[in-house]
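# Tertiary structure, described
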Amino acid sequence: MPILEMLKYWFEEAKKKCMSVNSVIYNNIINAHCKVGDMERAEELVRELEEDGFEVPLDLYHTMMDGYTTVRDELKCLTVFQRLKESGMEPSVISYGCLIHLYTKIESAIKVVDDMVLAGISPNERTYTTLMQGYASSGDIGRAFEYFTKIKIEGLRLDELSFAALLKACCKAGRMQSALAVTKEMSASGIQRNTYIYNILIDGWARRGDVWEAADLMQKMIQDGISPDIHTYTSFVNACSKAGDMNRAMTALEEMASLGMKPNIKTYTALINGWALASYPDKALTCFEEMKQAGLEPDQAVYHCLMTSLLSRATVAKNSVYTGILKISKEMSDLGFSVDLGTAIHWSKSLGRLEAVPTQLTNAVEKVFPPSWYSYKRNHKTLDTNDDMDSDEEDGADFEVLDESLHFRPSE
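Here we summarise the structure given alongside this text. (Residues numbered from 1 in each chain as written. Predicted model: local features only at pLDDT ≥ 70, side-chain atom pairs only at ≥ 80, totals over all residues. Heavy atoms only, no water.)

## A word on the overall build of the protein
Counting its secondary structure elements, the protein contains 22 helices and 0 strands. Put simply, 65% of the contacts in the protein that link residues at least 6 apart link residues at least 24 apart. Surface accessibility of the protein: about 20300 Å² in total, with carbon and sulfur atoms responsible for 52%. (Helix = DSSP H or I, 4+ residues; strand = E, 2+ residues; numbered from the N terminus. Contact = heavy atoms within 4.5 Å. Areas by Shrake-Rupley, 256 points an atom, 1.4 Å probe, with all protein chains shown as cover.)

If you want it as structure tokens, here you go:
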């Protein structure tokens, strides 16, 4: 029986038998519902808690705010924060930290920190680390270093999360030498590399398609007695795919299988992209079908990656790709997926190379174009199909192997 179901069962049994249900039990069951995003039931339990004569403790307000952050409900998270203040309690640094986690836009998070300081609450190392994570997501290495320095200047403690945030910023910005310097400082601080740190570094080299550096890090990781996980292998497969070394990518897949690991959606996305870049569209389509057979449901990013890759390689193997494009277009349309205008324009240029006069193929792909495409098309009747196509789109859609969300959860 899943843990949440078991907790619900014993909670209801205790109430039926008129056993004493104290605030600690309420806290635990509410926390369980918040973790899975069942906020409706969590709110019901908070009301029951109050009706039973218990005061809502500060940490339960934090739990509810984190729950609404998980489901990305900004308004309700702010409502809980307001309820906290109206209860007569003083918001703590953790309270404001919950608000910072809420925002994916770093400007909003900075405003929360400013409000916190105005309220007389000093930021702690976790506050600054969270902001670093936000800047890391956008690759703003300068601002990430700024807050890293603040932690040191203010005498706060640098920990694994602080270094991880700075490493992510370096890797996202492609500053791998800076990342290596950060790892040296990390070692000097007595913090050892773990799986998560290695994954950040391997992913950084993978973004550059540097399969040799990625491979060296994997070997070092194993030598340090740290076992690679699914994220490690996915990053390595991504590096191989960008470098066009699909033999090495398939060897990595075999290693995963020998360790009992199954590819996830991002692993398959890297493989699909790699086969398409290597001008093997048939293998990309085969990989796509294997993913579905494995019980994995392709998301919009997978479809986008596959279609972009197929269209950009269709002139190389037109006959073999034509049917695949029609099939993928239909699946996307049936699922209600659509692309943005920029992608539509890019795809239309590839279609222009395949069909001088728009026919079945163009009509099928255009079904997933946004409404704005048709007004754009009217205003740009003649598209320049000879534009330089050396862009990230042509090379397949890039993706994040590691969780880059502002709300950092090291267990993920």
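## Quick word on the pattern of salt bridges
The full count for this structure, using the stated rule, is 16 salt bridges. Notably, a salt bridge pairs Glu289 with Lys292, separated by 3.6 Å at the nearest N-O pair. Note that Glu289 and Lys292 are positioned in helix 17 (residues 281-293) at a spacing of 3 residues, about one turn of the helix. The partner of Lys377 in a salt bridge is Glu366, and the shortest N-O contact between them spans 3.1 Å. Taken together, the positions of Lys377 in helix 22 (residues 372-379) and Glu366 in the loop between helix 21 (360-365) and helix 22 put the pair 11 residues apart, joining distant regions of the chain. Under the relative-accessibility criterion, Glu366 is labelled buried at 9%. One network of salt bridges, in which partners are shared, links Glu289, Lys292, Lys327 and Glu331. (Salt bridge = Lys/Arg side-chain N within 4 Å of Asp/Glu carboxyl O. Buried < 20%, exposed > 50% of the residue type's maximum accessible area, 1.4 Å probe, protein only.)

## Topic: the nonpolar core
One finds Ile30, Met64, Ile328, Met332, Trp347 and Phe369 to be the most contacted residues of the largest nonpolar core, which totals 117 residues. If we skip the residues at most four places from it in the chain, Trp347 touches His304, Met307, Thr308, Leu311, Met332, Val339, Val365, Val368 and Phe369. (Core = buried A, V, L, I, M, F, W, Y, C linked by side-chain atoms within 4.5 Å.)

## Here we look at the environment of Leu351
Assignment of secondary structure puts Leu351 in helix 20 (residues 341-354). Along the chain, Leu351 and Glu366 lie 15 residues apart, while their C-alpha atoms are 9.9 Å from each other. Ignoring any residue separated from it by four or fewer positions in sequence, one finds Leu351 in contact with Leu311, Leu361, Thr362, Val365 and Phe369.

## Observations regarding the packing of helix 12 (residues 195-207) against helix 13 (residues 211-223)
Between helix 12 and helix 13, the shortest axis-to-axis distance is 8 Å and the interhelical angle comes to 165 degrees. When the interaxial angle is binned, helix 12 and helix 13 end up roughly antiparallel. The handedness of the crossing between helix 12 and helix 13 comes out as left-handed. Of the residues in helix 13, those touching helix 12 at Thr195, Tyr198, Asn199, Leu201, Ile202 and Trp205 are Glu213, Ala214, Leu217, Met218, Lys220 and Met221. Its residues placed into classes, the contact of helix 12 with helix 13 shows 8 nonpolar, 2 polar and 2 charged. (Axes fitted to C-alpha atoms, helices over the stretch in contact; angles between N-to-C directions. Parallel < 35°, antiparallel > 145°, perpendicular 65-115°, else oblique. Left-handed = near helix turned anticlockwise from the far one by under 90°. Nonpolar A, V, L, I, M, F, W, Y, C, P; charged D, E, K, R; others polar.)

## A short note on the environment of Gly120
Tracing the backbone through its elements, the reader meets Gly120 in the loop between helix 7 (106-118) and helix 8 (125-138). For Gly120 and Val93, which are 27 residues apart along the polypeptide, the C-alpha to C-alpha distance reads 9.9 Å.

## Here's the deal with the state of the cysteines
By definition, a disulfide links the sulfur atoms of two cysteine residues through a covalent bond. Here the structure, examined in full by the defined rule, presents 0 disulfides. Considering cysteine sulfurs only, Cys171 is the nearest to Cys170, which forms no disulfide, with 6.6 Å between them. In this structure Cys287 is not part of a disulfide, and its nearest cysteine sulfur, from Cys305, lies 9.8 Å away. (Disulfide = S-S within 2.5 Å.)

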